[in-house]
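Understanding the architecture of this molecule
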Amino acid sequence: MKSGTLRMRVCIFLVLIGSLEGSSAFIAPMANISLGFPSTRSAREAQSQWVDCIQASELCTNDPHCSPWYRVMRQCLVGKEKDAMLDNNRDCKTAVEVLHKSSLYYCRCKRAMKNELQCLQNYWTIHMGLNEGGDMEDSSPYEPVAPNRQPDVFGLASISSGMHTLNPKPFQCPEGEKVCNPCLDATKACNLNGICKRHRSSYITTCSKDTNKGESCNKKRCHKTLRAFLDRVPSGLSQRLIFCPCQSEGCAERRRQTIVPDCSYVDKVKPNCLELRAVCRADPLCRSRLADYMTNCWMAPNTVGTCPNQDNHQACLNSYARLIGTEMTPNYVDNSFTNWTISPWCDCMGSGNQEEECMNFLRYFTDNTCLSKSL
């Protein structure tokens, strides 16, 4: 009886710790802390018990067995020789082995959490050397998305049309209107909401430039205000602007211009997609959001279903939207409304013997069944 009471108290304590950051996840124990849990478990069981990476870092820092190896790991990842250090240095190898048994290895971050960047930096301290280079894709550092118990076969028709009931695709104008512009309607809806209007005005002002006056756009500031818009404005308003359905070129061009592509998307030179991926992976935020997009939007060919997590189309759209405002910012490449294509600003020219890898990466956007079925 006493043993059962003690376990119950420990479980309550762990849940309370998790709730401090608004998380409902369980706490994964450190390598040398049992807290009533079995000392051994399968990798799958361990992965299901995660803590946010800020808490995991604090737990490790305060643990005499974990802390010194955490410091070693940080040193191993400093400078251009990190790959060689991880592969050849004995202390670095030991640090990897020790930390893979700690809660740091299974930690995750909540989307749009306070101190999100710090959380992601802690995550990549442990994971950044695992899938470096090649065509291997990172696992998402964010908390897992719940499967869709009731798959939405209609995608975001209700959000993008502004209606509260689902309508089958393709989108059709309201009764009595032969031609309509849902993107214009989405803009009007945003302007009626104080938060949406303020953040939209902020990124338009920051991302716009007048070449006739010799003005230039600060791309980093532009991306920052775009991320603020998408992080702080309710998705029902922000995604209605980005994903509005169109039946005319004018509407499709307005949709393409939504994120001010001259500054946030287009650049003077179109880089190779593998070069752009390398730039993205060097930044913890971009790398994290790209990995999350891959996790929630990509299904291998000949796979049953269209999206991961039991056809969770909304999870895919959320991950896509959170890429906007990073170096991997995607957008509609033209004003076609019947055969549209989405891509980051890159191509595979000059790929040499890496052309196949480059094309495979580009297809994650241009030939993505989950994404196309979600829109």
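Right above here is the structure, for reference.
Okay, so let's go over this structure.

So, empty space enclosed by the protein
- In this structure the tally under the stated criterion is one cavity of 30 Å³ or more.
- Approximately 30 Å³ is the volume attributed to the largest cavity.
- For the largest cavity, the full set of lining residues is Glu-137, Asp-138, Arg-281, Arg-287, Leu-290, Ala-291 and Met-294.
- At four residues, the largest contribution of residues to the lining of the largest cavity is made by helix α16 (residues 284-297).
- Residue composition of the lining of the largest cavity, by class: three nonpolar, no polar and four charged.

Topic: helix α18 (residues 313-323)
- In terms of burial, α18 is largely enclosed, as nine of its eleven residues are buried.
- Restricting attention to buried positions, one finds in α18 the residues His-313, Ala-315, Cys-316, Leu-317, Ser-319, Tyr-320, Ala-321, Arg-322 and Leu-323.
- Following α18 by one or two positions, Gly-325 has its phi on the positive side, about 100 degrees.

Quick notes on the pattern of salt bridges
- What the rule picks out here adds up to eleven salt bridges.
- Its salt-bridge partner being Arg-289, residue Glu-116 comes within 3.5 Å of it at the nearest N-O pair. On the criterion of sequence distance, the pair formed by Glu-116 in helix α7 (residues 116-127) and Arg-289 in helix α16 is long-range, its members being 173 residues apart.
- Salt bridges sharing partners connect three or more residues here, namely Glu-116, Asp-231, Arg-289 and Arg-322.

Considering the layout of surface pockets
- Size it by volume and the largest pocket reaches roughly 600 Å³.
- As for the largest pocket, its lining consists of 20 residues, of which His-223, Lys-224, Arg-227, Leu-285 and Gly-325 are closest to the centre.
- Elements with a minimum of two residues in the lining of the largest pocket: α7, α11 (219-232) and α16.
- Element by element, the count of residues in the lining of the largest pocket is highest for α11, at nine residues.
- Looking at the lining of the largest pocket residue by residue, the class counts come to six nonpolar, four polar and ten charged.

Comments concerning the state of the cysteines
- Summed over all chains, the structure comprises 14 disulfides.
- A disulfide bridge connects Cys-53 with Cys-107, and the sulfur atoms are separated by 2.1 Å. Because the torsion about its S-S bond is 90 degrees, the bridge between Cys-53 and Cys-107 counts as right-handed. Taken as a pair, Cys-53 in helix α3 (residues 53-61) and Cys-107 in the loop between α6 (90-99) and α7 lie far apart in primary sequence, 54 residues in all.
- Disulfide partner of Cys-273: Cys-346, at an S-S distance of 2.1 Å.

Digging into the packing of α3 against helix α4 (residues 67-76)
- One can describe the packing of α3 onto α4 by two numbers: an axis separation of 7 Å at closest approach and a directional angle of 120 degrees. On the basis of the axis angle, α3 is oblique to α4. Along its contact with α3, which presents Ser-57, Cys-60 and Thr-61, the element α4 presents Ser-67, Tyr-70 and Arg-74.
- Classifying every residue of the contact of α3 with α4 gives two nonpolar, three polar and one charged.

Criteria and cut-off values
Residues numbered from 1 in each chain as written. Predicted model: local features only at pLDDT ≥ 70, side-chain atom pairs only at ≥ 80, totals over all residues. Heavy atoms only, no water. 1 Å grid on protein atoms, 1.4 Å probe; cavity = no way out; pocket = protein on both sides within 12 Å on 5 of 7 lines; lining within 4 Å. Points joined across faces, edges and corners; volume = space filled by probe spheres on them. Helix = DSSP H or I, 4+ residues; strand = E, 2+ residues; numbered from the N terminus. Nonpolar A, V, L, I, M, F, W, Y, C, P; charged D, E, K, R; others polar. Buried < 20%, exposed > 50% of the residue type's maximum accessible area, 1.4 Å probe, protein only. Salt bridge = Lys/Arg side-chain N within 4 Å of Asp/Glu carboxyl O. Disulfide = S-S within 2.5 Å. Axes fitted to C-alpha atoms, helices over the stretch in contact; angles between N-to-C directions. Parallel < 35°, antiparallel > 145°, perpendicular 65-115°, else oblique. Contact = heavy atoms within 4.5 Å.

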